[in-house]
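Reading the structure
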Amino acid sequence: MFRGAGDSEFAFELLVSRWAELAWHPAEGDRPVVVARQLGTRERRWDTVVLEVDPNALAERRAFGERELDSDLLRVVRGAPVDYRWYRDALDDLGVPWRYVREAVHRAAGRDLIEKRRGRNGRIEFRRLREYPDWVERVVAIENKPDLDASAAATLSDQLRHDVQSGLADEVWVATSATGDRVSPALLEDIPVEVGVVEFDFSEGVRADAAEVVWHPTALDADGDPRTRLLLAERAYGRGWRSFHETMRPDCRHFELRRERRALVPYCAANGRVPTAAECKGGCPEFSPEPPQWRTNGWPIEGGPGKGIRALLERRRARERRRAVDEE
């Protein structure tokens, strides 16, 4: 994979996600995308999710802010009328207590997603500020398996079949590491024929030409629950793939970001490799919090290196959103 990654599937997942930002689609040329990791439903979680987006519509989505919209906010925003109406008249009754709907209206107004006012008899009325766009064109699921041997392919078979049949994804892929040997046809027999297989050579870090398609996927009928698809898209938009800093400890003095060509990955200087989220936590034997003086007096970064790493990753996520809009 690359020096320092060890046998980390987590490191491979980060590199695949960064590559997808740079060079998606592996077989059909560049497309504007939003990329995220570790998203899914109660039944299935995907390693990497690639949203192929309409740039103009994505620009309209950005007007709703950088944070994701949960199911309650989506209901309010998408159902908001052009003119002020009582929220009970404007929204369908889904069988949940109206007090929860009213709270969602207040939250939406607090984030400037809608406008609200007190109408007659003190009723809460609201109206749209802007129409929520249809910004997602396709949802692509990627299962990352750097060591794809016959045993791994057999284990993945049922999961991939679920992905194909769920109706949530328009395309499903398996990503694996290039070994220099041709992928055995016998190995591919355990993978559903609709699933594409792509090999990555990250020995020199992330490059646009790091991918080679081994098996082309079949376009799927994404006829599953459209509400679930939209919720997945919103989570992807809000979290992105660099959210590892939210589950790790960048405030540890051993935590670093290392460049692998066109990617930045977390690195533990104490253990000499890419850590996982399960390892990089306060209970790690090597955990050493930043000295207080690092977080004061603006040295070396205001708030300390950990805060600086968080800010850097947030800026890069925002930059990729802007790039997707400008790629039209």
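Computed from a prediction, not measured in an experiment: that's the story for all the values here.

Procedures and definitions
Along each chain, the written sequence defines residue order, and numbers are assigned to residues from 1. Given that this is a predicted model, residues contribute local features only at a pLDDT of at least 70 and side-chain atom pairs are listed and counted only at 80 or more, while totals for whole chains, interfaces and linings are drawn from all residues. Where side-chain values are given, they derive from all heavy atoms of the structure, hydrogens and water being excluded. A run of DSSP states H or I qualifies as a helix once it reaches four residues; a run of E qualifies as a strand once it reaches two. Both are numbered from the N-terminal end. Only C-alpha atoms enter the radius of gyration; for comparison, a globular chain is expected to reach 2.2 Å times N to the power 0.38, where N is the number of residues. Buried, partly exposed and exposed residues are distinguished by accessible area as a fraction of the type maximum, computed with a 1.4 Å probe on protein chains only: under 20%, between the cut-offs, and over 50%, respectively. In what follows, a contact means two residues having at least one pair of non-hydrogen atoms within 4.5 Å. Note on areas: Shrake-Rupley with a 1.4 Å probe; residue coverage comes only from the protein chains shown. His is not counted here, nor are the chain ends, while Lys and Arg score as positive and Asp and Glu score as negative. Lysine's charge is taken at NZ, arginine's at CZ, aspartate's at CG and glutamate's at CD. As annotated, the domain borders come from an automatic or database domain assignment. For this analysis, a salt bridge means a side-chain nitrogen from Lys or Arg found within 4 Å of a carboxyl oxygen belonging to Asp or Glu. By the convention used here, strands pair only if DSSP detects at least 2 bridges between them. Here the term right-handed applies to a crossover when the path leading from its first strand over the helix to its second strand runs clockwise, the strands being oriented away from the viewer.

In this section: the overall build of the protein. Scanning the protein from terminus to terminus reveals 9 helices and 11 strands. Relative to the 2.2 N^0.38 estimate, which gives 20 Å for 328 residues, the radius of gyration of the protein is 22 Å and therefore close to what a compact globule would have. Counting only C-alpha atoms, the protein reaches 70 × 55 × 35 Å along its principal axes. In the protein, which comprises 328 residues, the share counted as buried stands at 49%. The long-range fraction of contacts in the protein, counting pairs at least 24 apart against all pairs at least 6 apart in sequence, stands at 67%. Accessible surface for the protein amounts to roughly 16400 Å². Of this, 43% is attributable to carbon and sulfur atoms. Counting 54 positive and 59 negative side-chain charges, the protein places the averaged centre of each group 9 Å from the other.

In this section: the domain arrangement of the protein. We note that the domain assignment places domain 1 (9-58 + 134-239), domain 2 (69-128) and domain 3 (244-324) within the protein. Between the C-alpha centres of domain 2 and domain 3 the distance comes to 39 Å.

Before going further, it helps to spend a moment on the pattern of salt bridges. Tallied over the full model, the rule gives 28 salt bridges. The partner of Arg31 in a salt bridge is Glu52, and the shortest N-O contact between them spans 2.9 Å. With Arg31 in the loop between helix H1 (9-23) and strand S1 (33-40) and Glu52 in strand S2 (residues 45-53), this residue pair connects regions lying 21 residues apart in the sequence. A relative accessible area of 4% means that Glu52 is categorised as buried. Notably, a salt bridge pairs Glu143 with Arg44, separated by 2.9 Å at the nearest N-O pair. In this pair, Glu143 is assigned in strand S6 (residues 136-144) and Arg44 in the loop between S1 and S2, connecting sequence segments 99 residues apart. According to the relative accessible area criterion, Glu143 is buried, its value standing at 7%.

Once that is clear, we can look at the pairing of S6. Taken residue by residue, a regular strand's side chains alternate between the two faces of the sheet. When you tally the buried positions in S6, you get 8 out of 9 residues, the bulk of the element. Where S2 and S6 come together, 6 bridges link them in antiparallel fashion. Paired with Thr48 across the two strands is Ile142, which belongs to S6. Sheet topology places S6 next to strand S7 (residues 171-177); 5 bridges connect them, and they run parallel. Within S7, the position partnered with Asn144 by the bridge is Ala175. Where the polypeptide runs from S6 across helix H6 (residues 150-165) and back to S7, its parallel neighbour, the crossover connection is right-handed.

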